[in-house]
Amino acid sequence: MIHDSLINTTASLISPDIYNCQVSSDKPLKLGIMASGNGSNFEVIAQAIAEGKINAQIQVLIYNNPEAKAAARAEKWGVEAVLLNHRDCKNREKFDSKIVQTLQQYDVEFVIMAGWMRLVTQVLIDAFPNRIINIHPSLLPSFKGVQAVEQAIAAKVKITGCSVHLVSLEVDSGEILIQSAVPVLANDTSETLHARIQVQEHRILPMAISLLSQRK
Ligand code: GRF
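Residues numbered from 1 in each chain as written. Predicted model: local features only at pLDDT ≥ 70, side-chain atom pairs only at ≥ 80, totals over all residues. Heavy atoms only, no water.

Caption draft 1: Seen up close, the overall build of the protein. The secondary structure content of the protein amounts to seven helices and seven strands. Of the regular secondary structure in the protein, the N- to C-terminal order runs α-β-α-β-α-β-α-β-α-β-α-β-β-α. Taking all contacts inside the protein whose residues are at least 6 apart in sequence as the whole, residues at least 24 apart take part in 67%. Looking at the protein as shown, the accessible area adds up to about 10,600 Å², and 52% of this sits on carbon and sulfur atoms. (Helix = DSSP H or I, 4+ residues; strand = E, 2+ residues; numbered from the N terminus. Contact = heavy atoms within 4.5 Å. Areas by Shrake-Rupley, 256 points an atom, 1.4 Å probe, with all protein chains shown as cover.)

Caption draft 2: View of the sheet that holds strand β6 (residues 159-166). If you walk across this open sheet you meet the seven strands as β3-β2-β1-β4-β5-β6-β7, and the pairing is mixed. Each edge of the sheet is formed by a strand with only one pairing partner; in this case those strands are β3 (81-83) and β7 (176-183). Within this sheet the neighbouring strands show an average axis-to-axis angle of 20°, counted without direction. Taken together, the four bridges between strand β5 (residues 132-136) and β6 define a ladder with antiparallel strand orientation. When the sheet's bridge partners are listed, I135 is paired in β6 with V164. (Pairing = 2+ DSSP bridges. Axes fitted to C-alpha atoms, helices over the stretch in contact; angles between N-to-C directions.)

Caption draft 3: Fine view of the nonpolar core. Membership of the largest hydrophobic core comes to 38 residues, with the highest contact counts inside it found for I45, L61, I112, I133, V164, L205 and I209. Once residues lying within four places of it in the same chain are set aside, the contact partners of V164 are I133, N134, I135, E175, I176, L177, I178, I204, L205 and A208. In this structure, L103, L124, F128 and V167 belong to the second largest nonpolar core, which totals 21 residues. (Core = buried A, V, L, I, M, F, W, Y, C linked by side-chain atoms within 4.5 Å. Buried < 20%, exposed > 50% of the residue type's maximum accessible area, 1.4 Å probe, protein only.)

Caption draft 4: Expanded view of the environment of E43. By the element assignment, E43 lies in helix α2 (residues 40-50). Sequence spacing of E43 and R73 is 30 residues, and the spatial spacing of their C-alpha atoms is 6.7 Å. In this structure, E43 is in contact with R73, K76 and W77, ignoring residues within four places of it in sequence.

Caption draft 5: Broad picture of the site of the ligand. In the vicinity of the ligand, the residues found are N38, G39, S40, N41, G115, I135, H136, P137, H194, Q198 and E201. Take E201: an N or O atom from its side chain is 2.5 Å from an oxygen atom of the ligand. Here the ligand has 370 Å² of accessible area as a free molecule, and 88% of this is covered by the chains. Mapped by element, the contributors of at least two residues to the shell around the ligand are α2, β5 and α7 (190-213). Among the elements that make up the shell around the ligand, the one with the highest residue count is α7 (three residues). Partitioned by chemical class, the residues of the shell around the ligand number two nonpolar, eight polar and one charged. (Near = heavy atom within 4 Å. Polar contact = N/O pair within 3.5 Å; in protein donor to acceptor, adjacent residues only side chain to side chain. Nonpolar A, V, L, I, M, F, W, Y, C, P; charged D, E, K, R; others polar.)

Caption draft 6: Just the side chain of Q59, in detail. Along the chain, the position of Q59 falls in strand β2 (residues 56-63). Polar contacts involving the side chain of Q59 include one to the main-chain carbonyl oxygen of Y106, which spans 2.9 Å.

Shown next as structure tokens:
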């Protein structure tokens, strides 16, 4: 099938640097994960750690929606989950201060935004300079912000994908660490395309965390 080979070919179009990535640190990276929803990316990180693929430990999950499924996943993996509801905070800075306080309380070194659906402020960025990464469902710099998958379909691009990048103040604009390409098929809906993008997200996010250890 043409489509199958296209999918396999484009899915392997990731930065060649990644093949050389090693876990260089003896001590496990202490991760804080932030998630707003389903938490499938949280789960693959926990799985990769359990399988010894990345030398890290998850100190805490922070979630901001009481109904986020990520919280149940954390419980399953024995990870402490802290609900910080942005609706209880006067402004974004106050909310980010609470996040920083919690991350510091749990002795976090690196922060992973795995489906975190809130804009961040300088308060969070300054507390963890070059130590916050985000996963985004497009090949940045295309289709920043919300509904990236829908944006790709509307633009009628033939290839989209996902990116892991350092978080900066401007949304989805920090240094790109790793990307994976995914073809857009003629009959794709946002659901079918997002499902294939997520398969790639689950590959590259653990790889990106390995790269972080080289930045320690
Ligand atoms: C992912 O597609 C990620 O790129 C985006 O939000 C989604 C989170 O998925 N930022 P999950 O909650 O990890 O399943």
